[in-house]
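Overview (structure and organization)
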Amino acid sequence: RWATHGKPNKVNAHPHFDTHHTLAVVHNGIIENHDALRRDLKEKGAIFVSDTDTEVIAHLIADFYQGDLLKAVQQAVPLLKGAFAIALMHREHPDQIIAIAHETPLIVGIGQDETFISSDANAFSQYTKEVVYLNNDEIAVIKANKLDVYDVHNKPVAVERHRISETSGDIAKGHFETYTLKEIHEQPRSIHNALLSRTVEDYGTAFFDEIDFDHNELLAVKRILILACGTSWHAGYVASYLIEDMARIPVQVEISSEYRYKNPIVPPDTLVIAISQSGETADTIAAVKEIKAKAAKVLAICNVQGSTLTREADACIFLRAGPEIGVCSTKAFTSQVVVLALFSLMMARMRHMSKQEGQAFLEGLQTLPEKVQQVLDNSYLIEEIAKKYAHYQNFFFLGRRYMYPTSLEGALKLKEISYINANGYPAGEMKHGPIALINEDCPTVALCANKFTFEKLLSNLMEIKARNGKVIAIAEQDEKGLQNIADEIIWIPPTIDELAAIPSTIATQLLAYYIAKERGADIDQPRNLAKSVTVE
Ligand code: M6R
């Protein structure tokens, strides 16, 4: 259980009950007015046992219940403030579950004499591919072979069934010890899928069947705003370099949770790109809604068909990475970068980029799967380094240009799965403060795969060596000058600077993975984290 209120312990774990244990509730989200509700309900005699906001839902519905469960839910739900998806059962109605979603996803899976409910279709996709997406404030009454849905005015609505993609059933771990390791190893295939039938070698460009914008609309784009969170934000950051370098369109990259509370200035001819693996990240969806109110066009880049973001956006490009189960995002990041690289190429070729330059870039993209495979083939070397460094408590990840967002992503992977404090930093910024932290107890992972700034990075690494800091370099084969500086070197195959984030990231994923493994961490489900962050 991911706790929003109270410690993640047994008492606070779902389901939660009313005083007489007649009603059981599970809930994803936050009830913002739980304090006031709890006070009122206590005055009426309700006995609370947990510290959760969820428990008020059970007591509140029980308070309204007089034999008609649906009616009690309809009376109680308007009193709840916040974002929530709820499923509940009552002792007197053992054959039914009532579910309701407010500003939070909820999906019903229709099987053979069985019905599923989840915030994420991956949870039941191995049993059924037939789904119904509940719209905001709809209430579903679910039986094993019957589904009735009521709208916000309590009128029955006709349900629309959708089919989720075949690949969304592929959630077996296979021979891998964790989903995360499996997903890291899937990257040659997921990158190949992201490229598949989206390139036009003869013209040195890319295209996407899914994009609804017409050519003139794309040509009219003068600015791009990217919205995302976490790893997806890092992919967006890489894309800001790609789009500006290649298509010469100014790009602003914003963290959704900050952007949603701005009163944003959106000049005309701005294209908004919202990036999300799950398509359910509450902050990104809220930022998209805000920007749509300002009449901007939104292009989503997403992995999950039918997700809320894909339904909010004007158009969507899918990652085709297959389900990502490990909480830490791995293959989604590299697919996002590949899709954004294709998008940058398409925008550049519509403007001033020559056919030959476009073809050279495409060649770089097409060779990525085999280069990624080469990094994976060296996993055992990375594992040896990881074992040597797993006991450190602090790490820096440094890079310049494309390697700066790559360093942010490397540091995020290490902190989320190994619980080590890791900071991603632009290497040139170290001397403005953070270098004070460097000593023999704080190793630096140096992301060296940008040729354009390599010499500058070497000077930064010498400053670290002069302060007794250990250096683990991730560098392109044949790169000279590191041998006397780095304590360890993870060699990766060379590629153009614009694409170096991909092989470099695979190396950081493996390093983080094996450090976390050495420390005995729960890699697939790190503490305090959820796969889809559907609450603020
Ligand atoms: O589904 P999204 O891409 O919108 O998720 C965004 C972040 O929550 C996600 O990338 C998170 O940072 C991952 N745990 C990183 O590994």
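Look up: the structure comes first, before these words.
A few points on the structure. (Residues numbered from 1 in each chain as written. Predicted model: local features only at pLDDT ≥ 70, side-chain atom pairs only at ≥ 80, totals over all residues. Heavy atoms only, no water.)

**Quick look at the packing of aromatic side chains**
Rules: Note on aromatic pairs: the rings of Phe, Tyr and Trp (six-membered ring only in Trp) are paired at centre separations within 6.5 Å, and the planes decide the class, stacked below 30 degrees, edge-to-face beyond 60, tilted for the rest. Placement of a positive charge over a ring is assigned whenever Lys NZ or Arg CZ falls within 6 Å of the ring centre and within 35 degrees of the normal to the ring plane.
Applying the stated criterion to the full structure yields 10 aromatic pairs. Seen from their ring centres, Tyr392 and Phe395 are 6.4 Å apart, and the 80° between their planes marks the pair as edge-to-face. We note Arg311 situated over the ring of Tyr133; from NZ or CZ to the ring centre the distance is 4.7 Å. The ring of Tyr419 carries Arg527 above its face, with NZ or CZ at 3.8 Å from the centroid.

**Re the pattern of salt bridges**
Note that side chains of opposite charge can pair when their charged atoms are close. As a reminder of what qualifies: A carboxyl oxygen of Asp or Glu within 4 Å of a side-chain nitrogen of Lys or Arg is what we treat as a salt bridge. Secondary structure elements are defined from DSSP: runs of H or I of at least 4 residues count as helices, runs of E of at least 2 residues count as strands, and each element is numbered from the N terminus. Burial here depends on accessible area, computed with a 1.4 Å probe over protein chains only, as a share of the maximum for the residue type. Under 20% is buried, over 50% is exposed, and the range in between is partly exposed.
Under the defined criterion, the tally for this structure stands at 21 salt bridges. The partner of Glu217 in a salt bridge is Lys297, with the nearest N and O atoms 3.4 Å apart. Of this pair, Glu217 sits in helix α6 (residues 215–219) while Lys297 sits in strand β17 (residues 297–302), and the two are 80 residues apart along the sequence. The partly exposed category is assigned to Glu217, whose relative accessible area is 32%. Each of Asp245, Arg401, Lys451, Glu476 and Asp497 takes part in a single network of salt bridges with overlapping partners.

**Let's talk about the pairing of strand β14 (residues 223–228)**
Applied cut-off: Criterion used throughout: strands pair if DSSP finds at least two bridges between them.
Burial analysis of β14 places 5 of its 6 residues in the buried class, which makes it a mostly covered element. Summarising the sheet, β14 and strand β16 (residues 270–276) pair through 5 bridges and their orientation is parallel. Bridge pairing in β16 links Leu227 to Ala274. Here 5 bridges tie β14 to strand β15 (residues 251–255), and the two strands are oriented parallel to one another. Among the inter-strand pairings, Ala228 is bridged to a residue of β15, identified as Ile255.

So yeah, pure geometry; function would need other evidence.
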